[in-house]
Amino acid sequence: MTTAEKTDGGAGRPPAAPGTAGRAAAGAAPRAASRIAAGLGGAAVRAVLLVVALFWLMPTVGLLLSSLRDSTDIASSGWWEVFTEPAQLTVSNYAGLMANDAVTGSLLNTVLIAVPSTVLVVVIGALAGYAFAWMEFPGRDWLFLVVVGLLVVPIQVALVPVAKLFGGIGVFGDISGVVAFHVAFGLPFAVFLLRNFFAEIPRELLEAARLDGAGEIRLFATVVMPLGGPAIASLGIFQFLWVWNDMLVALIFADSGSAPVTVALQQQVRQFGANIDVLAPGAFVSMVIPLLVFFAFQRQFVTGVMAGAVK
């Protein structure tokens, strides 16, 4: 064995062609530049998203800091003064809020309105969406067109006739009347959304379940509901946020004993004017609960929104 063969490990590899190393080095330079550019581009996107997130959260942070300041401090300077004078922070405003029976009672009323309105819309909308998607009955398509047409009906046109109807049956001013109104106007969107989502379920899955002896109720509970979880979660989040933040419907259909927190805070402004030590913590509490619900179900919300976007 020659010295060259020993150096080559005995594999007998031919020597590298002239200029190969130079071409490899020349090709590596653009690749390195591309990686650097991609890294810088990703960093720029993240920086922009961070700035947008900070601007989006700024009103929430400002409201939180304002709710932790005394009314005299709020009147004399902006909330950003807390960063230079942290001694301004106090929880006395929240203690006063808890002592305000009108606001605390309205928070309970808001829960009693939002939770049933959300649950009823999700349950009834899911059952109706499954029926429109996979069950045959006379006039199904025409009835679905009526449901779609109800999506364009504004709430304002129904306020007076529904108020007369609720007054005639004795639920005007009661929580049940507010819940019924929200359910009635939330169902068209719920049926439309869930019907289109359920229609994308492969027919083979349903046929296989029917061959195994599953009836419609068992098929809906064991096959359709698990597959439609993301869309149902998205619908629940939408409905909860709409009902929780509503003031128009509650202002008309709820009396003083069944008013939600949005109406209670509006009445605080009307009665006391500059009662900011109650308004700031009350507004933050009414805003932070929907935020917690959204972030708790953020993954399901995004999955439901993106479902069906990509085939």
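Just above sits the structure.
Note that the coordinates shown come from a computational prediction; the quantities given were computed from them, not determined experimentally.

Observations concerning the packing of aromatic side chains
Each aromatic ring pair is specified by the distance between its two centres and by the angle formed by the two planes.
Point 1. Counted under the stated rule, the structure contains 15 aromatic pairs.
Point 2. Ring plane angle 55° and centroid distance 5.9 Å describe the contact between Phe132 and Phe137, whose orientation is recorded as tilted.
Point 3. The ring centre of Phe144 lies 4.7 Å from the NZ or CZ of Arg195, which sits over that ring.

What to know about empty space enclosed by the protein
Left-over empty space is what a probe sized like a water molecule reveals as it rolls over the atoms.
Point 1. Evaluated as defined, the whole model comprises 1 cavity of 30 Å³ or more.
Point 2. Size it by volume and the largest cavity reaches roughly 40 Å³.
Point 3. Counting only elements with at least two residues in the lining of the largest cavity, the list comes to α5 (101-134), α8 (175-198) and α11 (229-244).
Point 4. Taken together, the residues of the lining of the largest cavity break down into 6 nonpolar, 2 polar and 1 charged.

What to know about the pattern of salt bridges
Point 1. The full count for this structure, using the stated rule, is 3 salt bridges.
Point 2. A salt bridge links Asp141 to Arg140, with the nearest nitrogen and oxygen atoms 3.6 Å apart.

Observations regarding a nonpolar patch on the surface
Point 1. A surface patch of nonpolar side chains, amounting to about 530 Å² of accessible area, comprises Val111, Val115, Val119, Leu120, Val123, Ile124 and Leu127.
Point 2. Tracing the backbone shows Leu127 in helix α5.
Point 3. Overall, Leu127 belongs to the partly exposed group, its relative accessible area being 46%.

Considering the side chain of Ser67
Point 1. On the secondary structure map, Ser67 appears in helix α2 (residues 20-67).
Point 2. Given a relative accessible area of 0%, Ser67 falls into the buried group.
Point 3. Setting aside anything within four residues of it in sequence, one finds Ser67 in contact with Thr90, Asn93, Tyr94, Ala280 and Pro281.

Observations regarding the packing of helix α6 (residues 140-149) against α8
Point 1. As a packed pair, α6 and α8 sit with axes 8 Å apart at the nearest point and diverge in direction by 125°. In this view, α6 runs oblique relative to α8, as classed from their interaxial angle. For the crossing formed where α6 meets α8, the hand is left-handed. Two secondary-structure elements touch here, α6 through Phe144, Val147 and Val148 and α8 through Pro188, Val191, Phe192, Arg195 and Asn196.

Topic: the nonpolar core
The tendency in soluble globular proteins is for nonpolar side chains to be buried side by side.
Point 1. Tyr130, Trp134, Phe181, Leu194, Phe198, Val224 and Phe253 are the most contacted members of the largest nonpolar core, which has 41 residues in total.
Point 2. Contributions of two or more residues to this core are made by α5, α7 (159-169), α8, α9 (203-211), α10 (216-227), α11 and α12 (248-253).
Point 3. The leading source of residues in this core is α8, at 10 residues.
Point 4. Not counting chain neighbours up to four residues away, the residues in contact with Phe198 comprise Ala126, Gly129, Tyr130, Ala133, Trp134, Phe220, Val224, Gly228 and Ile232.
Point 5. By size, the runner-up hydrophobic cluster in this structure holds 11 residues, among which are Leu68, Tyr94, Leu265 and Leu279.

Conventions we followed
- Residues numbered from 1 in each chain as written.
- Predicted model: local features only at pLDDT ≥ 70, side-chain atom pairs only at ≥ 80, totals over all residues.
- Heavy atoms only, no water.
- Phe/Tyr/Trp six-rings, centres within 6.5 Å; stacked < 30°, edge-to-face > 60°.
- Lys NZ or Arg CZ within 6 Å of the ring centre and 35° of its normal.
- 1 Å grid on protein atoms, 1.4 Å probe; cavity = no way out; pocket = protein on both sides within 12 Å on 5 of 7 lines; lining within 4 Å.
- Points joined across faces, edges and corners; volume = space filled by probe spheres on them.
- Helix = DSSP H or I, 4+ residues; strand = E, 2+ residues; numbered from the N terminus.
- Nonpolar A, V, L, I, M, F, W, Y, C, P; charged D, E, K, R; others polar.
- Salt bridge = Lys/Arg side-chain N within 4 Å of Asp/Glu carboxyl O.
- Patch = residues over 30% accessible without salt bridge, like charges linked within 9 Å, V, L, I, M, F, W, Y side chains within 5 Å.
- Areas by Shrake-Rupley, 256 points an atom, 1.4 Å probe, with all protein chains shown as cover.
- Buried < 20%, exposed > 50% of the residue type's maximum accessible area, 1.4 Å probe, protein only.
- Contact = heavy atoms within 4.5 Å.
- Axes fitted to C-alpha atoms, helices over the stretch in contact; angles between N-to-C directions.
- Parallel < 35°, antiparallel > 145°, perpendicular 65-115°, else oblique.
- Left-handed = near helix turned anticlockwise from the far one by under 90°.
- Core = buried A, V, L, I, M, F, W, Y, C linked by side-chain atoms within 4.5 Å.

So far we have only geometry, and geometry alone does not tell us how the molecule works.
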